[in-house]
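Coordinate inspection notes
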Amino acid sequence: MGSGLRRRITARLPGIGWRSELLARRAEQVEQLRGQVGELRDRASRLQGEARALREAHGTYGSHTVPPSFRRNLLNLRRNVDALRTLDGSADHPLLQTARKLRNYRLAASHGVAVPQVLAVWATAEEIDLSVMPQEFVLKSDGGAGGHGVFPLRRVDEERFQVVGEDGALLTASDLRQHFREHSASRPPFFAEQFLTQVDGVEEIPDDIKVYAMYGEVGAVMLRRMPRHADLSAARYRYLDADGTDLGADIVRGQRIDASIRLPDSFDELVRAARHLSSAVALPFIRVDIYDTVNGPVLGELTRSPGGRQELRGDQDRRLGTLWDLAQYRLDLDILAGRPPRHLHGEHPAPDLYPAQFPGGPVSAEVVTAPCNAWCWPREA
């Protein structure tokens, strides 16, 4: 082949350098795509793991089935209370009856569950007289939740008091009367009761023992330590099941779990009292707040709707939701079998602590008494 012909053929072929660059770019693109495929596989694996965890926590349900949930039941309860108030102005329904502390004291005492000694009761804030109170006592409003209606007090001098567990300013009886007048959620009457001392005597404020009970069954027990009165930011928690088994550090979102909080020596007795009272109330769920004192278990109050988000771990939310649902049906069946649809008082002596001339009409609904072996836990065979 002549040199001229070779030059013409060569001129029509692409340069070798250009082809090398093209191949290098293609190889780089292939590597990038391979990397993306690896990342997508890793992400798919993580998502599959999360899906498995959710299935294990919540169970597998059909597209038309809603899983049981304690939190959903609780949110529905809060909404239903507001709706019920528009229908039941006299607060006859058991759900509305449960919001009053002195009513709950009478109910618990009638079943042989100890309650704090009530030192005085006043129909209005203006009548509150602390001059004859002991060195330590607790001042409360009958209605209302949270620390704004409860003051554990220690006398500093004849006129002033320190809130136990606080370093704030001292309060006078006039300050406390003004507080109750200004806080509409702190509903009268107002009363003073004995200051409770915890068994070990280490904490100034006794640990709260809050039993989540479903008509005779106990789903969980919350131990709460409050280093400072009414300061939830300082609170520490521990959750147990009915036999005292720790439910873990991840049991609830947004709370500081402390496994070192002591399990009360009277734990079984506290659980039994909560079971008993939960079967006496005409509700599928009640939280029984109780204290382990030097004088034995003493009721704090009955709480129909615990505050806060109550975001339990998935398996426990589902378990407590199931217990709540089953409790509702057990209660319904008992009512069909003859159980009065009211809170049932026991046969122990239990006085009505309300003032005779309480403003706004009577606050004690009809008291229905029934033998504990008929409807309460444990029942006789």
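Residues numbered from 1 in each chain as written. Predicted model: local features only at pLDDT ≥ 70, side-chain atom pairs only at ≥ 80, totals over all residues. Heavy atoms only, no water.

Going by the annotation in an unreviewed UniProt entry, the name recorded for the chain is ATP-grasp domain-containing protein, with Ornithinimicrobium ciconiae given as the source organism.

Focus: the pattern of salt bridges
Here is the rule we go by: Salt bridges are defined as contacts in which a side-chain nitrogen from Lys or Arg sits within 4 Å of a carboxyl oxygen from Asp or Glu. For every residue, the accessible area obtained with a 1.4 Å probe (protein chains only) is divided by the maximum for its type, and the residue is called buried under 20%, exposed over 50%, and partly exposed between those limits. Secondary structure follows DSSP: runs of H or I at least 4 residues long count as helices, runs of E at least 2 residues long count as strands, and numbering of each begins at the N terminus.
Counted under the stated rule, the structure contains 21 salt bridges. In this structure, aspartate 231 engages arginine 228 in a salt bridge whose closest nitrogen and oxygen atoms are separated by 2.8 Å. Arginine 228 sits in the partly exposed class, given a relative accessible area of 41%. Between arginine 313 and aspartate 250 there is a salt bridge, and its shortest N-O distance comes to 2.6 Å. Of this pair, arginine 313 sits in the loop between strand S11 (296–303) and helix H8 (314–336) while aspartate 250 is found in the loop between strand S9 (236–240) and helix H7 (267–280), placing the two residues 63 residues apart along the sequence. On the basis of relative accessible area, arginine 313 is assigned to the partly exposed category, the value being 23%. Counted as one network, the salt bridges with shared partners bring together Glu136, Arg154 and Glu204.

Focus on the packing of aromatic side chains
Applied cut-off: Side-chain rings of Phe, Tyr and Trp, where Trp is taken by its six-membered ring, are said to pair if the distance between their centres is within 6.5 Å; with planes under 30 degrees apart they count as stacked, over 60 as edge-to-face, and otherwise as tilted.
Per the counting criterion, the structure on display carries 9 aromatic pairs. Residues phenylalanine 70 and phenylalanine 285 carry aromatic rings whose centres are separated by 5.3 Å and whose planes lie at 80 degrees to one another, so their mutual orientation is edge-to-face. Within this pair, whereas phenylalanine 70 is found in helix H3 (residues 70–85), its partner phenylalanine 285 is found in the loop between H7 and strand S10 (286–293), the two being separated by 215 residues in sequence. Each member of the pair, phenylalanine 70 together with phenylalanine 285, is buried. Arranged with centres 6.1 Å apart and planes meeting at 40 degrees, the rings of tyrosine 212 and phenylalanine 285 form a pair that is tilted. Here the residue tyrosine 212 occupies a position in strand S7 (residues 208–214), and phenylalanine 285 occupies one in the loop between H7 and S10, the gap between them amounting to 73 residues. You'll find tyrosine 212 and phenylalanine 285 in the same group, each marked buried. Among the aromatic residues, those joined into a cluster by ring pairs are Phe70, Tyr212, Phe285 and Trp324.

Digging into the environment of aspartate 243
Just so we agree on the cut-off: Any pair of N or O atoms that falls within 3.5 Å is considered a polar contact. Within protein, one atom must be able to donate a hydrogen and the other to accept it, and sequence-neighbouring residues count only if both atoms are side-chain atoms.
Assignment of secondary structure puts aspartate 243 in the loop between S9 and H7. Between the alpha carbons of aspartate 243 and aspartate 268 there is a distance of 7.6 Å; along the sequence they are 25 residues apart. Among the polar contacts listed, one links the side chain of aspartate 243 to the side chain of threonine 245, at a separation of 2.8 Å.

Points about helix H5 (residues 101–110)
Note: α-helices contain 3.6 residues per turn, so residues at a spacing of three or four share the same orientation. With 9 of 10 residues buried, H5 lies mostly within the body of the structure. For H5, the full list of buried residues reads Lys101, Leu102, Arg103, Asn104, Tyr105, Leu107, Ala108, Ala109 and Ser110. A positive phi of about 80 degrees marks glycine 112, the residue just after H5.

Quick look at unusual backbone geometry
Note the cis peptide between proline 188 and proline 189, where omega equals 0 degrees. The topology assignment puts proline 189 in strand S6 (residues 187–194). Even without being a glycine, alanine 91 presents a positive backbone phi close to 55 degrees. Following the sequence through the fold, alanine 91 ends up in the loop between H3 and helix H4 (94–97).

Here's the deal with the sheet that holds S11
Basically, it comes down to this: Pairing between strands requires that DSSP locate at least two bridges from one strand to the other. Axes, fitted as lines to C-alpha atoms, cover a helix only where it is in contact. Angles between the N-to-C directions of the axes lie from 0 to 180 degrees. Contact definition: two residues touch when any of their heavy atoms are within 4.5 Å.
On the basis of which strands lie adjacent, the open sheet formed by 5 strands has the order S9-S8-S7-S10-S11 and antiparallel pairing. The open sheet is flanked by S9 and S11, the only strands paired with a single partner. For this sheet, the mean inter-axis angle between neighbouring strands, taken without regard to orientation, is 25 degrees. Where S10 and S11 come together, 7 bridges link them in antiparallel fashion. The residue of S11 that forms the bridge with tyrosine 291 is valine 298. Against the sheet, H8 makes contact with S7 and strand S8 (217–225), and its axis sits at roughly 55 degrees relative to S7, the strand it touches most.

Overview of the sheet that holds strand S5 (residues 171–172)
Judged by pairing direction, the sheet is antiparallel, and its 6 strands sit side by side in the order S1-S6-S2-S3-S4-S5 without closing on themselves. On the outer flanks of this sheet lie strand S1 (118–122) and S5, each paired with one strand and no other. Where S1 and S6 come together, 4 bridges link them in antiparallel fashion. Bridging across to S6, valine 121 finds its partner in phenylalanine 191. Strands in contact with H5 are S1, strand S2 (136–143) and S6; relative to S2, the strand with the most contacts, it is inclined by about 105 degrees.

Remarks on the environment of leucine 240
Looking at where leucine 240 falls in the secondary structure, it is placed in strand S9. Placed 17 residues apart in sequence, leucine 240 and leucine 223 show a C-alpha to C-alpha distance of 8.1 Å. Apart from the residues lying within four places of it in its own chain, the contact partners of leucine 240 are Ala220, Val221, Leu223, Thr245, Asp246, Leu247, Leu263 and Phe267.

A short note on the pairing of S8
Burial within S8 is extensive, with 8 of its 9 residues counted as buried. As judged from the 7 bridges shared by S7 and S8, these two strands associate in the antiparallel manner. Residue pairing across strands places lysine 210 opposite methionine 222, the latter belonging to S8. Connecting S7 to the antiparallel partner S8 that follows it, the hairpin turn spans 2 residues, and tyrosine 215 within it adopts a positive phi of roughly 45 degrees.

As for the state of the cysteines
Spelled out, the test is: Any cysteine sulfur atom paired with another within 2.5 Å is treated as part of a disulfide.
In total, this model carries 0 disulfides according to the counting rule given. The closest cysteine sulfur to the non-disulfide-bonded cysteine 372 is located on cysteine 376, 4.0 Å from its own sulfur. Residue cysteine 376 is classed as buried on the basis of its relative accessible area of 2%.

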